[in-house]
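# Close look at the chain arrangement
Each chain is listed here by its residues.
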Amino acid sequence: MTERTIQLELDESGLALGLPAPSHPQDHVHDVPYRPVQFRDDDLPTALERCAKWLKSAQEWLGEPVDVVSIHLDYDDREGAPYYDLKLLCNEEDLAGAPRALRDAANKS
């Protein structure tokens, strides 16, 4: 059996260059294992809609469902902060584009 190496195109935080970014300025992907993808808003349905939109676009880009380990909902009652804090804990290999890169490498063989 031979081992094959695949090349991932990542940014400085380890995310795939082509991974869709959350579209709202209050939403982002964190730099920790099981990378939380955060959506913050004063209106929970709006945060959930942005989360669903990002998840659909990330899955289309990846070519398979994103491995979401858990969903965390919290609130932030500090003055001036968005009240709801919704986080998807995602598999970092998916956010790095590994499944896509493996398919691309297999198709080249």
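Residues numbered from 1 in each chain as written. Predicted model: local features only at pLDDT ≥ 70, side-chain atom pairs only at ≥ 80, totals over all residues. Heavy atoms only, no water.

### Examining the packing of aromatic side chains
As enumerated under the stated definition, the model contains three aromatic pairs in all. Plain terms: the ring middles of Phe39 and Trp54 are 6.2 Å apart, the flat faces sit at 50° to each other, and that makes the pair tilted. Residue Phe39 is located in strand S2 (residues 36-41), and its partner Trp54 is located in helix H1 (residues 44-62); the two are separated by 15 residues in the primary sequence. Of the two residues examined, Phe39 and Trp54, each falls in the buried class. Relative to Tyr83, the ring of Tyr75 lies with its centre 5.5 Å away and its plane at 25°, an arrangement referred to as stacked. (Phe/Tyr/Trp six-rings, centres within 6.5 Å; stacked < 30°, edge-to-face > 60°. Helix = DSSP H or I, 4+ residues; strand = E, 2+ residues; numbered from the N terminus. Buried < 20%, exposed > 50% of the residue type's maximum accessible area, 1.4 Å probe, protein only.)

### As for H1
The terminal C-alpha atoms of H1 lie 27 Å apart, and with 19 residues this matches the ideal 27 Å at 1.5 Å per residue to within 8%. Within the span of H1, buried status applies to Ala47, Arg50, Cys51, Trp54, Ala58, Trp61 and Leu62. Around the axis of H1, the buried residues are gathered within 100° of arc, so they sit on the same side. Those residues of H1 that are exposed and aimed more than 90 degrees away from the buried face are Glu49, Lys53, Lys56 and Glu60. Where H1 is buried, its residues touch S2, strand S4 (84-90), helix H2 (92-95) and helix H3 (98-108). (Expected span 1.5 Å × (residues − 1). Arc of directions from axis to C-beta. Contact = heavy atoms within 4.5 Å.)

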